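# Structure assessment
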Amino acid sequence: MDTTTVRAHHDEQGIHVTGPGWRMTVAPDGLTALLHGPEGAARPAHPVLLQLHAALDRTDRSDETVAVRPPRLEFEAGPSGSGHPVVTVERRSTAWRTARTRVVCGPRGPEFTWTVEGGGALRTSRLFAVRAALGGRGGGLRPSGHDWATLFTPNPGPPRRLTRTARESATIGVCGDARPGRGHWFFTPAPLAFALTGTPMADDIAPERADAADGWCRLGVGAPVDALTFTRLTYEPSDGGFHLTLDHEGHTRVEGAYSTPSVLVSPGHRDPYEALRAHHDWLTERGWSARPATAPGERPAWWSEPMFCGWGAQMARARDTGLAAPLLSSRAEYDAHLAHLEGHGLVPGTVVVDDKWQEEYGRWQPDERRWPDLRAWIAERHARGQRVLLWWRAWAHEGVPDAWCVRTADGAPVVLDPEHPDARDHLAGTVRHMLSPEGLDADGLKIDFTADTPTGESLRHHGDSWGIALLHRYLRVMYRAAKSAKPDALVVTHTPHPAFADVTDMIRLNDMLRLDDPDPYAPIVPQMRQRAAVASAGCPDLLVDTDDWCAPDLEQWRAYTAVKDELGVPALYLTTKMDRTGEPLEEVDYAALRQLWARWRTAHGHAAKEGSD
């Protein structure tokens, strides 16, 4: 990229930087910068007032700023002797020996990094917000200012909403569940990038179809994955303001110098998905994304075969029998489901055996009462030309020693700790047993519940990783073990962050609804289109698992079935009826599925798998 397109000069009004499609003025006092977007837009965006400093709070002390030096302008050395303008501002902090902000001004926009020196455990990093103790007026936390109206987050939340107002918070991270305020668990983690525009829009309108006359501004966070030692990135709104918060929870130790992940502020994107693709490109340019272990042209053909996962069918049978759905993961039940589908001319290339085929979540041995000789059943499916994936509950510790776990202050186990050497060996050995020809000989894993990543300042664990970095290490152990057991094993996750492309082969779009919401009903096709677009932008070289659970009703399930092949590998979770409403599948539905699978297989060069009709 041509660095000469960014110019800078210094005068009594401050430091002025001009890039392609943006310009910024850093105030002479070194406290703020005014960022303008493209001037040629149909409606130029209101400038963003950025607080140049951050508050990196320790567990034992808040970070207050007591003095700020004037900003300095320098130029990075480039191959031809010139490079990007760099603005550096130093401050005096109550928590750190030294503290400074460094802004590298490249063609994409200004890239901010905050560095401190000293010692302590980080609790939170509040970026673009200074906690002022400068004397006079304006003490306390000062957020940055904006005039944005609409916020897009790549981490799905309420399924009926595709955007939200810029006055609402949004979280991207690796923790979440069904409790109020924690429903951001569909992608863990999503790409760490928000997109904002000054254009108001209805929250059920696809943002790429709305006319954002002032364009979209991207706030993208990046660093090597092992440096992402926080559980959550949160967009924190305030009255006309915002800042970003990283939750380290006391598990990021500073001994000497520490630099935060970088934040690139990049205005002028056409829509949020263009912003996410640009975010991926920035991470790749900096070496912070990952390449898939298997390139698209080298993927085994069976990876993209239509899939059947039994969870929806288990839920439908639970409705009929009154039994808990996990108890209906059994050899007899799955044989009946697959025979029913085959009777309607539907033979999936891949079968996912879902929760709970195992006796204990942490030990992962088949429950012989419901799955007698699972290895033989898998061999039977292989003989039919099918592959078998086994469902895996991430972080589970049932049946493993407490000492191998992340634990509470009282010593109670929370999750399996992938940095404990015995736990790591157990994790890898279990995966190899599940997939190796000498073990169960399954063909891959569907990894669920990554949102159970541990969170809490008082938790105790081995190693120095936490948050996003710890989840990546957990998946890295599993992924490497899977590939060592069976090189063509398929690993499915719901982690579309670009740095996770080396620990997964396929991104699952996850559940359609948040069933614990007071009113979970939502139109699912727009939501699933959006998730597929996020997955493709974050991990463009990976396959997409379209999921199939839980549709609100038959009508919406039919609408989604009709478009699945536009989004990714068709997945089917049902056999006889809708598990939520009890509506039976009709012959027209089986015909639509046959057409979908035939269409997909033809487009991807697969031979049809014949069933009796």
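Each value, and the rule that gives it
Every residue gets a number counted from 1 within its own chain, in the order that chain's sequence is written. Local features in this predicted model are restricted to residues whose pLDDT is 70 or higher, and side-chain atom pairs enter the listing and the counts only when it is 80 or higher, whereas totals over whole chains, interfaces and linings include all residues. To obtain the side-chain values, all non-hydrogen atoms of the structure were included, while hydrogens and water were left out. Here is the rule: rings of Phe, Tyr and Trp (six-membered ring for Trp) pair when centre to centre is within 6.5 Å. Planes less than 30 degrees apart are stacked, more than 60 are edge-to-face, and the remainder are tilted. Here, over-ring charges are defined by two tests on the NZ atom of lysine or the CZ atom of arginine: distance to the ring centre within 6 Å, and angle to the ring normal within 35 degrees. Starting at the N terminus, helices and strands are each numbered in turn, a helix being any DSSP run of H or I of at least four residues and a strand any DSSP run of E of at least two. We call a residue buried when its accessible area falls under 20% of the maximum for its residue type, exposed when it is over 50%, and partly exposed in between, using a 1.4 Å probe and counting protein chains only. What the arc covers is the set of directions going from the helix axis to the C-beta atoms. Should any heavy atoms of two residues lie within 4.5 Å, those residues are counted as being in contact. A fitted line through C-alpha atoms serves as each axis, taken over the contacting stretch for helices, and the angle formed by two N-to-C directions is quoted from 0 to 180°. By definition, any crossing whose near helix is turned counterclockwise from its far helix by less than a right angle is left-handed, and any crossing with a clockwise turn is right-handed. Ten residue types, Ala, Val, Leu, Ile, Met, Phe, Trp, Tyr, Cys and Pro, are classed as nonpolar, four, Asp, Glu, Lys and Arg, as charged, and the remainder, Gly among them, as polar.

### A look at the packing of aromatic side chains
Within this structure, the stated rule accounts for 20 aromatic pairs. Ring geometry for Tyr 235 and Phe 242: centres 5.9 Å apart, planes at 15°, overall stacked. An aromatic cluster of at least three residues, connected via ring pairs, comprises Phe 112, Trp 114, Phe 128, Trp 148, Phe 194, Tyr 235 and Phe 242. The ring of Trp 96 is capped by Arg 58, whose NZ or CZ atom sits 5.6 Å from the centre of that ring. In this arrangement the basic side chain of Arg 531 is found over the ring face of Phe 186, its NZ or CZ atom lying 4.0 Å from the centre.

### A short note on unusual backbone geometry
Put simply, Thr 188 and Pro 189 share a cis peptide bond, and its omega is 0°. Within the fold, Pro 189 resides in the loop between strand E16 (170–173) and strand E17 (193–197). Omega for the bond connecting Trp 549 with Cys 550 falls within 30 degrees of zero, at 0°, which places this linkage in the cis form. With respect to the helices and strands, the residue Cys 550 is situated in the loop between strand E30 (543–545) and helix H8 (554–567). The backbone of Trp 364 shows a phi angle near 60°, a positive value even though the residue is not glycine. Relative to the helices and strands, Trp 364 resides in the loop between strand E23 (350–353) and helix H4 (374–383).

### Here's the deal with H4
Listed as buried for H4 are Leu 374, Trp 377, Ile 378 and Arg 381. One face of H4 carries all of its buried residues, which in axial projection span an arc of 100°. In the core, the buried residues of H4 are packed alongside helix H3 (331–343), E23 and strand E24 (387–393). Gly 385 lies just past H4 and shows a positive phi near 85°.

### Quick notes on the packing of helix H5 (residues 421–435) against helix H6 (residues 467–485)
Packing of H5 against H6 brings their axes to within 8 Å, and their N-to-C directions diverge by 35°. Considering only the axes of H5 and H6, their crossing is right-handed. On the side of H5, the interface is formed by Arg 424, Leu 427, Ala 428, Val 431, Arg 432 and Leu 435, while H6 contributes Tyr 474, Val 477, Met 478, Ala 481, Ala 482, Ser 484 and Ala 485. Considered class by class, the residues forming the contact of H5 with H6 number ten nonpolar, one polar and two charged.

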